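Notes for the structure review
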Amino acid sequence: MDGELVPWDQAKIHISTNALHYGSAVFEGIRGYYHEGEIYVFKLREHIRRLIDSARIVMLRNRYTERELVDATILTLRENRYSTNVYIRPIIYAGENVMTLDIAEVPVRAAILTFPLDKFFKKFGLRVGVSSWRRLPDTSMPPRAKAAANYLNSMLATREARMAGFDEAILLDQSGFVSEGPGENIFLVKDGVLSTPPASSAILEGITRGTVMTLARDLGYQVVERQISRVELYTADELFFTGTAVEIQPIIEVDGRAVGDGQPGPVTRRIYDLYQRVVRGQEHRYRSWLTPVYGR
Ligand code: PMP
């Protein structure tokens, strides 16, 4: 926290923290994978760069360099001596001062939380519903920044979906095209071609999304970024979510309609299997995406 290692139980902030009242924070979600005595942090630099970009977009005056944030992440993981998969949550936030909406008037604070995390969803294959909430447009809020306040939009969609008996929501953008999940990007497979909504569909440009685009192309699939209409979800061969937390997660049902035969499909499985090997350092070709915690 602000440059110090702090025990979990003592990692507290004051109730007047601006970010608590107004969501004035930017953050990241990063994974480290434990394999044969080593933890490999996946695309660490890319995540830290997105964090710095998010801070720049919302004008939170970040005081740390990319190098410092990378080193602090590795140090925090090492000190915890984990021998499990881990989740890493850096956050830059507006500190003590409730009486301002001017982000230039608040002390800027930063922290990196780490904790063990295995699978996010217990099941492999989700039943989803299209939300009545639309993904927030970048004429109102910047969905491309990973800003805390954006997640109220995600939380409304999530609660609505769970109340309706779904595992997860899909949000449409303001024009009615498919945008993304509350914390995931989405891919559609039709006739062997992968499609995913473009940056202009109010998505967060996911790092897993970029990874899957590369892996799918390397496997020989065509991948296109294009606007996707809601009805295409109902006739897709396969659908899956991507995200750091959810990894590659098949969607087996949308709005009560089975996707394909209602089982995770072969393209999704192939990409899932490759992804699981890549993040554990088992695919030499992609080793540059990994930062080892203990062996540097
Ligand atoms: N969209 C949103 C809204 C998210 O919160 C996330 C999770 N960070 C994603 C997409 C997926 O991004 P990534 O693959 O970088 O985790």
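Check the entry above for the structure.
Once a new chain begins, its residue numbering starts again from 1 and follows that chain's sequence as written. Restriction of local features to residues with pLDDT of at least 70 applies here, the model being predicted, together with a cutoff of 80 or more for giving and counting side-chain atom pairs; totals for whole chains, interfaces and linings are based on all residues. By convention in this description, side-chain values take in all heavy atoms of the structure and omit both hydrogens and water.

Structural notes on the side chain of glutamine 249
Secondary-structure assignment places glutamine 249 in strand β13 (residues 247–254). Within 3.5 Å is the distance limit for a polar contact, defined as a pair of N or O atoms, with the added protein rule that one can donate a hydrogen and the other accept it, and that residues adjacent in sequence qualify only through two side-chain atoms. Side-chain polar atoms of glutamine 249 contact the backbone nitrogen of glycine 125, separated by 2.6 Å. We call two residues in contact when some of their heavy atoms are within 4.5 Å. Not counting the four nearest positions on each side in its chain, glutamine 249 is found in contact with Phe121, Lys123, Phe124, Gly125, Leu126, Phe240 and Phe241. In this text, helices come from DSSP runs of H or I with a minimum length of four residues, and strands from runs of E with a minimum of two, each type numbered from the N-terminal end.

Structural notes on the packing of helix α2 (residues 44–58) against helix α3 (residues 66–80)
Lines fitted to the C-alpha atoms define the axes, with helices restricted to the stretch that makes contact. Angles between their N-to-C directions range from 0 to 180 degrees. α3 packs onto α2 with a crossing angle of 125° between their chain directions and a minimal axis gap of 10 Å. Between α2 and α3, the angle falls in the class oblique. The hand of the α2/α3 crossing is right-handed. Contact residues: Leu44, Arg45, Ile48, Arg49, Leu51 and Ile52 in α2; Glu66, Arg67, Leu69, Val70, Thr73 and Ile74 in α3. Here the angle decides the label: under 35 degrees means roughly parallel, over 145 means roughly antiparallel, 65 to 115 means roughly perpendicular, and every other value means oblique. By definition, any crossing whose near helix is turned counterclockwise from its far helix by less than a right angle is left-handed, and any crossing with a clockwise turn is right-handed.

Focus on the pattern of salt bridges
One side-chain nitrogen of Lys or Arg within 4 Å of one carboxyl oxygen of Asp or Glu is enough to make a salt bridge. Enumeration according to the criterion identifies 15 salt bridges in this entry. Here glutamate 66 and arginine 49 are joined by a salt bridge, their closest N and O atoms 3.2 Å apart. In this pair, glutamate 66 sits in helix α3 while arginine 49 sits in helix α2, placing the two residues 17 residues apart along the sequence. To sort residues, take the accessible area from a 1.4 Å probe on protein chains only and compare it with the maximum for the residue type: under 20% means buried, over 50% means exposed, and anything in between is partly exposed. Residue classification places arginine 49 among the partly exposed positions, given a relative accessible area of 42%. Where arginine 127 meets glutamate 253, a salt bridge forms, and the shortest distance between an N and an O atom there is 3.3 Å. Taken together, the positions of arginine 127 in strand β6 (residues 126–134) and glutamate 253 in strand β13 put the pair 126 residues apart, joining distant regions of the chain. Owing to a relative accessible area of 33%, arginine 127 belongs among the partly exposed residues under this scheme. One continuous salt-bridge network, built from bridges that share partners, spans Asp2, Glu96 and Arg109.

Topic: α3
Taking 1.5 Å per residue as the helical rise, α3 with its 15 residues ought to reach 21 Å, and the 22 Å between its terminal C-alpha atoms agrees with that figure. Tucked inside the fold, the buried residues of α3 contact β3 (38–42), α2, β4 (86–94), β5 (108–116) and β15 (290–292). Residue arginine 81 follows α3 closely and has a positive phi angle near 50°. Expected helix span is computed as 1.5 Å times (number of residues minus one).

Description of the packing of helix α5 (residues 207–218) against helix α7 (residues 266–278)
It is at 11 Å that the axes of α5 and α7 come closest, and there the two elements cross at 110°. With respect to α7, the axis of α5 lies roughly perpendicular. By crossing handedness, the relation of α5 to α7 is classed as right-handed. Here Thr208, Thr211, Val212, Leu215 and Ala216 of α5 come into contact with α7, specifically with Ile271, Leu274, Tyr275 and Val278.

Points about the environment of threonine 235
Looking at where threonine 235 falls in the secondary structure, it is placed in the loop between α6 (230–234) and β12 (238–243). The partly exposed category is assigned to threonine 235, whose relative accessible area is 47%. Placed 131 residues apart in sequence, threonine 235 and alanine 104 show a C-alpha to C-alpha distance of 49 Å.

Description of the nonpolar core
Among buried residues, those of type Ala, Val, Leu, Ile, Met, Phe, Trp, Tyr and Cys that are joined through side-chain atoms within 4.5 Å constitute a nonpolar core. Membership of the largest hydrophobic core comes to 26 residues, with the highest contact counts inside it found for Val26, Val41, Leu44, Leu60, Leu77, Ile88 and Ile92. Put simply, the parts of the chain that give this core at least two residues each are β3, α2, α3, β4 and β5. Residues within four places of isoleucine 88 in sequence aside, it is in contact with Glu28, Gly29, Ile30, Arg31, Gly32, Val41, Thr73, Leu77, Ile112, Leu113 and Thr114. Grouped together as the second largest cluster of nonpolar side chains are 24 residues, Met213, Leu215, Ile248 and Val278 included.

None of the figures reported here should be taken as evidence of function without further support.
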